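# Analysis of the macromolecular model
Now for the letters of each chain:
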Amino acid sequence: MRGGTAVDLEVVATPGRGAAIGWGNRDTMAGAIRIANCADGTNVAGEPAWVAFAGGFHVDRPGRVTLIVRSRGLRTGAHVPVGADC
């Protein structure tokens, strides 16, 4: 994500399959999380710097999950294969 931007992430599991997301240095998993504004630094071009976080998906079995991303009034989704080609 870009520094200075809040982002909401939501994992939508396929029916009958459990899925959660963990992000940052937390031991807890959730179906949705909010990453608040942070790290307002800039890159060499003077643009907001990219910020990376450790984390990932947790599923009860391999398959596809849908990740919904919301930021600055926009919403998009991505299908993510986790543990299997989908």
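Summary of the structure given here. (Residues numbered from 1 in each chain as written. Predicted model: local features only at pLDDT ≥ 70, side-chain atom pairs only at ≥ 80, totals over all residues. Heavy atoms only, no water.)

### A word on the pairing of strand S5 (residues 63-71)
The pairing of strand S1 (residues 7-12) with S5 spans five bridges and is classified as antiparallel. By the bridge assignment for S5, Leu9 is matched with Val69. Two strands pair when backbone bridges link them, and S5 and strand S6 (residues 74-82) are joined in this way by nine bridges, in the antiparallel orientation. Looking at S6, one finds that Leu67 is bridged to Ala78. Where S5 folds back onto S6 in an antiparallel hairpin, the turn is made up of two residues, including Arg72, whose phi is positive at roughly 50°. (Pairing = 2+ DSSP bridges. Helix = DSSP H or I, 4+ residues; strand = E, 2+ residues; numbered from the N terminus.)

### Comments concerning the environment of Ala52
If you trace the backbone, Ala52 turns up in the loop between strand S3 (32-35) and strand S4 (55-59). Considering only alpha carbons, one finds Ala52 and Ala78, 26 residues apart in sequence, at a separation of 18 Å.

### Some thoughts on the nonpolar core
Nonpolar side chains in soluble globular proteins generally cluster together in the buried interior. Of all hydrophobic cores here, the largest spans nine residues; its members are Val7, Leu9, Val11, Ile21, Ile33, Ile35, Val65, Leu67 and Val82. Setting aside residues up to four positions removed in sequence, Ile33 forms contacts with Val7, Asp8, Leu9, Ile21 and Trp23. (Core = buried A, V, L, I, M, F, W, Y, C linked by side-chain atoms within 4.5 Å. Buried < 20%, exposed > 50% of the residue type's maximum accessible area, 1.4 Å probe, protein only. Contact = heavy atoms within 4.5 Å.)

### With respect to empty space enclosed by the protein
With the rule as written, the count across this model stands at one cavity of 30 Å³ or more. Empty space within the largest cavity amounts to approximately 40 Å³. Lining the largest cavity are ten residues, with Arg17, Gly18, Val59, Arg64 and Val65 positioned closest to its centre. Per element, the largest residue contribution to the lining of the largest cavity is three residues, and it comes from S5. In terms of residue class, the lining of the largest cavity is made up of four nonpolar, three polar and three charged. (1 Å grid on protein atoms, 1.4 Å probe; cavity = no way out; pocket = protein on both sides within 12 Å on 5 of 7 lines; lining within 4 Å. Points joined across faces, edges and corners; volume = space filled by probe spheres on them. Nonpolar A, V, L, I, M, F, W, Y, C, P; charged D, E, K, R; others polar.)

### Some thoughts on the layout of surface pockets
When its volume is computed, the largest pocket comes out at roughly 250 Å³. Along the wall of the largest pocket there are 14 residues; nearest its centre are Met1, Arg2, Val7, Leu9 and Val69. Looking at the lining of the largest pocket, the elements that each hand over two or more residues are S1 and S5. Sorting elements by how many residues they give to the lining of the largest pocket places S5 first, with three residues.

### What to know about unusual backbone geometry
Despite not being glycine, Arg72 has its phi angle at roughly 50°, a positive value. Along the polypeptide, Arg72 turns up in the loop between S5 and S6. Since its relative accessible area comes to 66%, Arg72 is described here as exposed.

### Some remarks on the sheet that holds S6
Taken in spatial order, the four strands of this open sheet run S3-S1-S5-S6, and their pairing is antiparallel. For this open sheet the edge positions go to S3 and S6, each flanked by a neighbour on one side alone. Across the sheet, the axes of successive neighbouring strands diverge by a mean angle of 20°, strand direction being ignored. As defined by bridge partners, S1 adjoins S3 across four bridges and the pair is classed as antiparallel. Within S3, the position partnered with Glu10 by the bridge is Ala32. (Axes fitted to C-alpha atoms, helices over the stretch in contact; angles between N-to-C directions.)

The quantities given are spatial measurements derived from coordinates; they are silent on function.
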